[in-house]
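Summary of the model geometry
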Amino acid sequence: MGEQDVEGQGGQRIAAWRVALKSFTSQWFLVPQGTGILSIILHNLHYHFHGLNIISQILWVITFITLIFFVCIYLVRIALYPRHVFTILSTDPQETACLSSISIAFTTIYAMIALNLLSWSLTWGMVAYVMFWINVVLTAVTTIGIPYILTYVEGPGIDGVAPSVFLPLISSLTLAAGGGVVCRYGELGANLQVPVIILSYIFLGMALPTSIAFDGVFMARLFDGAYPPQQKVYQIMILCGPPGQASFALQVLGNVVQRGAFASYDTSSFIGPSGASTIATTSEFLGLLYWGFGTFWWAFACLAILHYTIIAPKTLFKWDQSLASWSLVFPWGVYTNAAVQLGVVLNSRAFWVWSTVLALILVILWLGNAFASCFGVVTGKVLGLDKGWGGKYYTSSAEEEKEAQS
């Protein structure tokens with residue numbers, strides 16, 4: 001939040017842009033993350049109209065630009081306020097967890113490369129392949145390192161477990177999904193596809209059991225009456241992210257195996273023609289089951305949001321003052337994307353229609369969030385500028401003393 005005006009009490013004047021920079025949190029990475037998944041959905045949607053692919057590509061460009069821009073801003077924030085940033089990262093689970101969104105947004109970028117640019121040159125498939133392996137390192141650090149920080153360094157306790165703790169696990173599941181997309185659409189040989197497929201399954205194994213354990217912890221909190229605050233109730237939607245993304249990852253990986261990657265490689269009974277059919281069918285079946293699991297959390301979150309909307313609509317719809325509502329976009333997106341893929345796997349009109357309905361609502365959510373966030377930046381409220389960009393801000397003497405002691 002913005003610095004308090006303590007003029008005449010020993011406070012030092014501070015420029016508004018410095019207040020905004022200091023208030024720039026890792027939650028901003030939810031923006032390219034949500035935009036990236038929307039671009040993929042609009043590209044893959046069964047029912048198309050003329051120009052939909054162009055809209056999808058525009059969103060993809062927005063994803064790339066916002067991700068680079070926000071990373072640069074965050075690095076400047078670290079450079080100017082290193083103690084402040086690292087103090088927050090060691091005490092605020094949400095700030096730490098949302099760093100996972102960098103890896104997630106990066107995955108959507110190279111997935112769209114595989115989906116869009118192969119018609120220009122097959123070299124783009126290799127570009128997406130290289131970007132996948134770069135992201136393997138980033139995701140491994142995210143998936144293992146952030147939960148370690150959350151549990152060992154911050155240790156918020158059961159009452160402090162928020163839905164945002166799922167984000168590091170979602171980054172692993174998103175990597176697996178991105179690996180499947182690169183193999184399916186990247187025009188790569190079996191010798192390049194198989195290592196990606198195997199590693200994608202390994203990352204699924206890293207994240208899925210842990211996400212189920214986290215589900216149990218969060219459900220215990222809900223039974224204990226520890227619901228998120230009203231303005232953060234949107235974060236419950238994050239819980240449909242892991243099963244939704246796992247569903248898509250399992251389906252697309254199963255499809256890649258079924259198309260002959262394992263049969264062509266043929267180095268063992270597992271990676272060969274005999275195992276390919278079993279692995280593919282099992283993966284697609286599990287994808288259907290996990291989509292059902294995601295449906296539970298999607299419906300649960302919708303019900304909670306509807307309930308809070310009836311109780312306190314004014315509190316809930318202050319989208320220009322917080323980034324909490326961006327928590328809706330990506331989980332809703334991966335749940336929708338899994339439904340789109342189920343329509344392909346099952347050749348089901350019901351899933352074609354339902355995924356289209358979900359996509360239309362997602363577009364409305366994205367537009368609402370984008371407008372509210374832009375408005376919040378103009379007014380300064382979303383960046384902690386309570387008195388606007390033209391207001392006067394001062395550091396408190398207590399804050400100066402605290403920083404001096406640090």
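Note that the coordinates shown come from a computational prediction; the quantities given were computed from them, not determined experimentally.

1. Regarding the overall build of the protein chain
- Counting secondary structure elements, the protein chain contains 16 helices and 2 strands.
- Relative to the compact-globule value of 22 Å for 406 residues, the protein chain shows a C-alpha radius of gyration of 22 Å, a close match.
- Across its three principal axes, the protein chain shows a C-alpha extent of roughly 80 × 45 × 45 Å.
- A buried classification covers 55% of the 406 residues belonging to the protein chain.
- Across the protein chain, contacts joining residues at least 24 apart in sequence account for 82% of those joining residues at least 6 apart.
- Summed over all atoms, the accessible surface of the protein chain reaches about 17500 Å², with 68% contributed by carbon and sulfur.
- Charge centroids of the protein chain, computed over 16 positive and 18 negative side chains, lie 7 Å from each other.

2. Some words on a nonpolar patch on the surface
- A surface patch of nonpolar side chains, amounting to about 440 Å² of accessible area, comprises Trp 17, Val 76, Leu 80, Val 377 and Trp 389.
- Considering the arrangement of structural elements, one finds Trp 389 in the loop between helix H15 (349–379) and strand E2 (393–395).

3. A word on the nonpolar core
- If you look at the biggest cluster of nonpolar residues, it comprises 123 residues, and the most contacted ones within it are Trp 28, Tyr 110, Ile 197, Leu 204 and Phe 262.
- At 11 residues, the largest contribution of residues to this core is made by helix H12 (residues 273–311).

4. Considering the layout of surface pockets
- Of the voids in this model, the second largest pocket is the one considered here, and its volume is about 320 Å³.
- In terms of lining residues, the second largest pocket is bounded by 19 residues, among which Phe 24, Trp 28, Phe 69, Phe 70 and Val 377 are the most central.
- Within the residue set of the lining of the second largest pocket, elements represented by two or more residues are helix H1 (16–22), helix H3 (52–80) and H15.
- Across the lining of the second largest pocket, the residue classes tally to 17 nonpolar, 2 polar and no charged.

5. What about the pattern of salt bridges?
- What the rule picks out here adds up to 1 salt bridge.
- For the salt bridge of Glu 95 with Arg 77, the shortest nitrogen-to-oxygen distance reads 3.1 Å. A residue pair is termed long-range when its members are at least 10 positions apart, and Glu 95 in helix H5 (residues 93–97) and Arg 77 in helix H3 qualify at 18 residues.
- Under the relative-accessibility criterion, Arg 77 is labelled buried at 1%.

Rules used in this analysis
- Numbering of residues begins from 1 in every chain and follows the order in which that chain's sequence is written.
- This being a predicted model, a pLDDT of at least 70 is required before a residue's local features are given, and a value of 80 or more before pairs of side-chain atoms are given or counted; all residues contribute to the totals for chains, interfaces and linings.
- Side-chain numbers come from the whole structure's heavy atoms, not from hydrogens or water.
- Under the scheme used here, helices are H or I runs from DSSP no shorter than 4 residues and strands are E runs no shorter than 2 residues, and both carry numbers assigned from the N terminus.
- Only C-alpha atoms enter the radius of gyration, while the globule expectation follows 2.2 Å times N to the 0.38, with N the number of residues.
- Burial classes follow relative accessibility: with a 1.4 Å probe on protein chains only, a residue under 20% of its type's maximum area counts as buried, one over 50% as exposed, and anything between as partly exposed.
- Here, two residues are considered to be in contact whenever any of their heavy atoms come within 4.5 Å of each other.
- Residue burial considers only the protein chains on display, and all accessible areas are found by Shrake-Rupley using a 1.4 Å probe.
- In this charge count, Lys and Arg are treated as positive and Asp and Glu as negative; neither His nor the chain ends contribute.
- To locate a charge, take NZ of a lysine, CZ of an arginine, CG of an aspartate or CD of a glutamate.
- Exposure above 30% relative accessible area and the absence of a salt bridge qualify a residue for a patch, where like charges join within 9 Å and nonpolar side chains (Val, Leu, Ile, Met, Phe, Trp, Tyr) within 5 Å.
- Counted as salt bridges are all cases of a side-chain nitrogen of Lys or Arg within 4 Å of a carboxyl oxygen of Asp or Glu.
- Only buried residues count toward a nonpolar core, which is a set of Ala, Val, Leu, Ile, Met, Phe, Trp, Tyr and Cys residues joined through side-chain atoms within 4.5 Å.
- Grid points spaced at 1 Å and placed over the protein atoms alone form the basis of the search, with a cavity being a set where a 1.4 Å probe fits but cannot get out and a pocket an open set showing protein on both sides within 12 Å along at least five of seven lines. Lining residues have an atom within 4 Å of a point.
- Grid points are joined across faces, edges and corners, and a volume is the space filled by probe spheres set on the points.
- Lys, Arg, Asp and Glu make up the charged group, whereas Ala, Val, Leu, Ile, Met, Phe, Trp, Tyr, Cys and Pro make up the nonpolar group; the residues left over, Gly among them, are polar.

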